[in-house]
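Coordinate analysis (summary)
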Amino acid sequence: MVALLYLMVDDYYELQVAGERASDDTFTLQITMALWGFLFGVLMEWKGLEKLISREFTFNWKLLIPTVVLAIFVFIPNIYWVIWFGISENFYLNIFLLPETHMISSVLAGNMLVRSFAD
């Protein structure tokens, strides 16, 4: 988990530098940063992950469907949200514009994914 934290922080700093330079690397950095956060959320639920690995799991459809929707939103880079909806005063769209809330949402999606398979 410490390695994932290191990778997230490293990508965050690289994302800030790429944003200042208007580089094309921002797309891949945002996706990899979301992936590290997602994996961190999965590893946070290590007891549920043990049940999943030992094949003692059940489906919780009421939790799985919102998890998949949130995971899809998380893996869309921030620039696409600006292109599609612009910068507005709408709270729900601004959640995905900030890299910090984007990261928190990706950790939550990974956490919810394991919980949707474990009791």
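Owing to the predicted nature of the structure, the values given are computational and were not obtained by experimental measurement. (Residues numbered from 1 in each chain as written. Predicted model: local features only at pLDDT ≥ 70, side-chain atom pairs only at ≥ 80, totals over all residues. Heavy atoms only, no water.)

**Re the overall build of the chain**
- Counting its regular elements, the chain contains seven helices and zero strands.
- Starting at the N terminus and ending at the C terminus, the chain contains elements arranged as α-α-α-α-α-α-α.
- Residue pairs in contact within the chain that sit at least 24 positions apart in sequence constitute 72% of those at least 6 positions apart.
- For the chain, the accessible surface area stands at approximately 7,800 Å², while carbon and sulfur atoms represent 69% of it. (Helix = DSSP H or I, 4+ residues; strand = E, 2+ residues; numbered from the N terminus. Contact = heavy atoms within 4.5 Å. Areas by Shrake-Rupley, 256 points an atom, 1.4 Å probe, with all protein chains shown as cover.)

**Observations concerning the nonpolar core**
- Grouped together as the largest cluster of nonpolar side chains are 10 residues: A34, F38, V42, L49, L70, A71, V74, A109, M112 and V114.
- Looking at this core, the elements with two or more residues in it are α2 (26–44), α4 (61–74) and α7 (99–117).
- M8, A18, L29 and M103 belong to the second largest nonpolar core, which has nine residues in total. (Core = buried A, V, L, I, M, F, W, Y, C linked by side-chain atoms within 4.5 Å. Buried < 20%, exposed > 50% of the residue type's maximum accessible area, 1.4 Å probe, protein only.)

**Remarks on the side chain of N111**
- Structurally, the position occupied by N111 is in helix α7.
- Overall, N111 belongs to the buried group, its relative accessible area being 11%.
- Once residues lying within four places of it in the same chain are set aside, the contact partners of N111 are G41, V42, M44 and E45.

**Observations concerning α7**
- Spanning 19 residues, α7 covers 28 Å between terminal C-alpha atoms, matching the ideal 27 Å at 1.5 Å per step.
- Of the residues making up α7, those classed as buried are H102, M103, S105, S106, V107, A109, G110, N111, M112, V114, S116 and F117. (Expected span 1.5 Å × (residues − 1).)

**A look at the side chain of E45**
- Relative to the elements of secondary structure, E45 occurs in the loop between α2 and α3 (46–53).
- Take E45: its relative accessible area is 18%, and that puts it in the buried class.
- Here the side chain of E45 touches R115 through a polar contact of 2.9 Å, side chain to side chain. (Polar contact = N/O pair within 3.5 Å; in protein donor to acceptor, adjacent residues only side chain to side chain.)

**Section: the packing of aromatic side chains**
- For the coordinates displayed, the defined rule picks out three aromatic pairs.
- Their ring planes at 25 degrees and their centres at 5.3 Å tell us that F59 and W61 sit as a pair that is stacked.
- For F59, a relative accessible area of 46% corresponds to the partly exposed category.
- A relative accessible area of 52% places W61 in the exposed class.
- Through a chain of ring-to-ring contacts, the aromatic side chains of F59, W61 and F117 assemble into a single cluster. (Phe/Tyr/Trp six-rings, centres within 6.5 Å; stacked < 30°, edge-to-face > 60°.)

Nothing here speaks to function; it is all geometry.
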